[in-house]
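An overview of the molecular structure
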Amino acid sequence: MIETRLATVSLENPDVQIIAEAAEVLKKGGVVAFPTETVYGLGADALNSEAVQKVFAAKGRPSDNPLIVHIAVRHQLMELAEEVSEKGERLAKEFWPGPLTLVVRKTYLVPEIVTSGLDTVAIRMPDHPVALALIEEFDGGIVGPSANLTGRPSPTSANHVMEDLKGRIDMVLNGGPTDIGIESTVVDVTLDPPLILRPGGLHKESLEDIVGPVRLASEEEFLRRSPGTRHRHYAPNAKIVLVDREDVEGLKRALKEFRQDGKSVGCIVHSPEMASVESGVFFKVLPAPIDFFARYLFRTFRELDHEGADIILVEQVDEGGLGTAVMDRLRKASKA
Ligand code: TXA
Ligand code: MG
């Protein structure tokens, strides 16, 4: 066990002292969790294999699941990327800082442990004042997987990070709850058309406005190109069961059956039809729009865990826009 220091940082004006302290921890090869606009990340010096190893160890992450390197200024991209395609350049210019991760061919500087031996590296510039201040002060790329124990829902608050990683990392920067609530969109721009390896906070439609058609990877391509995605993901302790949108009868039936088995059943719904089925602490209504649902999804998983749910019934959302990313997470969580 190590002592984990929790420090609150103001968003308007990230406290110079605390940021300098956190950057110092990174320089010494330590591990610091930091807020981004998507979820909290677990930071370490991306060019220091030993530091990166600590991130894998703290999360209990399998070594075949590569990490994203976070940067704060464009010239850092050129140190890490051997080449960036023209479409990759256009996407970076348009959407960075933001919830977009680009997979590009890596330079020899990036250690194998970061990329799990792949010849590509995933890079993103987060849109968050604390993350940017930390990276700038550290003056180099930092790895940033979501700051949860492997398999658990990604953390959207500093409390979630402490819940999973207290005693396993050096420091947590508390910048309050995150805005988007699900992770960045990962796009392989070594391919043409670019290939979405993980749908996320930036919509396919927005990418296509800038570079024309992009493809969403098939299940088989996911496994081949982004090996880590086969592992159990995003799941609370409770078992996730998906229910069709607006299927009031289906929801009532499932509630009855699981309760007959003696289970305590939580629900997460959004449509007005489903919202009126029950009420109480186990019955969470996350009303439309979809960005609200996304922002609160992982947090609500953790809440229902704390409240002791064995099963969580979740009303599905429509695909398209952020809905595609939400359904991706729901499907993966329900596979657990
Ligand atoms: O929003 C986010 O992306 C958050 C915040 C903290 O920035 N980070 C995050 O990292 O979600 P993580 O490690 O939980 O997810 C990284 C994803 C994984 O699906 C991994 O397989 C993929 O990126 N990935 C990383 N490097 C890759 C590479 N070289 N080729 C293909 N996929 C890669
Ligand atoms: Mg993750």
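The model shown is predicted, which means the values in this text are computed figures rather than measured ones.

Helix and strand counts for the protein come out as 13 helices and 16 strands. For the protein, whose C-alpha radius of gyration is 20 Å, the value lies close to the compact-globule estimate of 20 Å for 336 residues. Across the 336 residues of the protein, 57% fall into the buried class. A separation threshold of at least 6 residues defines the contact pool for the protein, and within that pool the share at least 24 residues apart is 69%. Accessible area of the protein: about 14,100 Å², with a carbon and sulfur share of 50%. Each charge class in the protein was averaged separately, 38 positive and 51 negative side chains, and the resulting centres sit 4 Å apart.

Pairing is parallel across the open sheet formed by four strands, whose spatial order is β13-β16-β14-β15. Edge positions in the sheet fall to β13 (239–243) and β15 (283–285), since each has one partner strand and no second. The mean inter-strand angle of the sheet, taken between neighbouring strand axes irrespective of direction, is 20 degrees. Across three bridges, strand β14 (residues 265–269) lies against β15 in parallel orientation. Counted as the bridge partner of Cys267 is Phe283 from β15. Seen against the sheet, helix α10 (residues 248–260) touches β13, β14, β15 and β16 (311–315) and runs at an angle of roughly 165 degrees to β14. Contacts from helix α12 (residues 290–306) reach β13, β14, β15 and β16, with the element oriented near 175 degrees to β14.

For the rest of this paragraph, the subject is the pattern of salt bridges. Applying the stated criterion to the full structure yields 22 salt bridges. Arg245 is the partner of Glu246 in a salt bridge, and the nearest nitrogen-oxygen pair spans 3.4 Å. For Glu246, a relative accessible area of 36% puts it in the partly exposed group. A residue is classified by how much of its surface remains accessible, and Arg245, at 36% relative accessible area, is partly exposed. A salt bridge links Asp328 to Lys332; its shortest N-O distance comes to 3.0 Å. Here Asp328 pairs with Lys332, and both are found in helix α13 (residues 322–335), just four residues apart, close to one helical turn. Here Asp328 and Lys332 have matching classes, each one buried. Put simply, Arg152, Glu163, Asp164, Arg302 and Asp305 are held in one network by salt bridges that share partners.

Take the side chain of Arg299 next. Locating Arg299 in the fold gives a position in helix α12. Although Arg299 lies buried, it forms no salt bridge, and the closest oppositely charged side chain, Glu303, sits 5.7 Å away as judged by the N-O distance. Engagement of the side chain of Arg299 in a polar contact is seen with the side chain of Thr156, the distance being 3.0 Å. What Arg299 contacts, discounting residues up to four positions off in sequence, is Thr156, His160, Pro177 and Thr178.

Along the chain, Asp305 turns up in helix α12. Among the polar contacts made by the side chain of Asp305, one reaches the main-chain amide nitrogen of Ala238 at a distance of 3.1 Å. The contact partners of Asp305, leaving out residues within four places of it in the chain, are Arg152, Pro236, Asn237 and Ala238.

With that settled, consider the packing of aromatic side chains. Under the defined criterion, the tally for this structure stands at two aromatic pairs. Ring geometry for Phe298 and Phe301: centres 6.3 Å apart, planes at 50 degrees, overall tilted. In this pair, Phe298 and Phe301 both sit in helix α12, three residues apart, roughly one turn of the helix. Look at Phe298 and you get buried, because its relative accessible area is 0%. Judged by its relative accessible area of 1%, Phe301 is buried.

This next bit is on the domain arrangement of the protein. Considered domain by domain, the protein is made up of domain 1 (5–223) and domain 2 (239–334). Here the C-alpha centre of domain 2 lies 28 Å away from the C-alpha centre of domain 1. At the boundary of domain 1 with domain 2, total buried surface from both sides reaches about 1,700 Å², with 53% on carbon and sulfur atoms. For domain 1, the biggest contributors to the area lost against domain 2 are Pro153, Ile182 and Pro199; these three give 31% of the whole.

Rules used in this analysis
Residues numbered from 1 in each chain as written. Chains lettered and ligands numbered in written order. Predicted model: local features only at pLDDT ≥ 70, side-chain atom pairs only at ≥ 80, totals over all residues. Heavy atoms only, no water. Helix = DSSP H or I, 4+ residues; strand = E, 2+ residues; numbered from the N terminus. Rg over C-alpha atoms; globule rule 2.2 N^0.38 Å. Buried < 20%, exposed > 50% of the residue type's maximum accessible area, 1.4 Å probe, protein only. Contact = heavy atoms within 4.5 Å. Areas by Shrake-Rupley, 256 points an atom, 1.4 Å probe, with all protein chains shown as cover. Lys, Arg positive; Asp, Glu negative; His and termini not counted. Charge placed at Lys NZ, Arg CZ, Asp CG, Glu CD. Pairing = 2+ DSSP bridges. Axes fitted to C-alpha atoms, helices over the stretch in contact; angles between N-to-C directions. Salt bridge = Lys/Arg side-chain N within 4 Å of Asp/Glu carboxyl O. Polar contact = N/O pair within 3.5 Å; in protein donor to acceptor, adjacent residues only side chain to side chain. Phe/Tyr/Trp six-rings, centres within 6.5 Å; stacked < 30°, edge-to-face > 60°. Domains from an automatic or database assignment. Buried area = accessible area lost by both parts, 1.4 Å probe.

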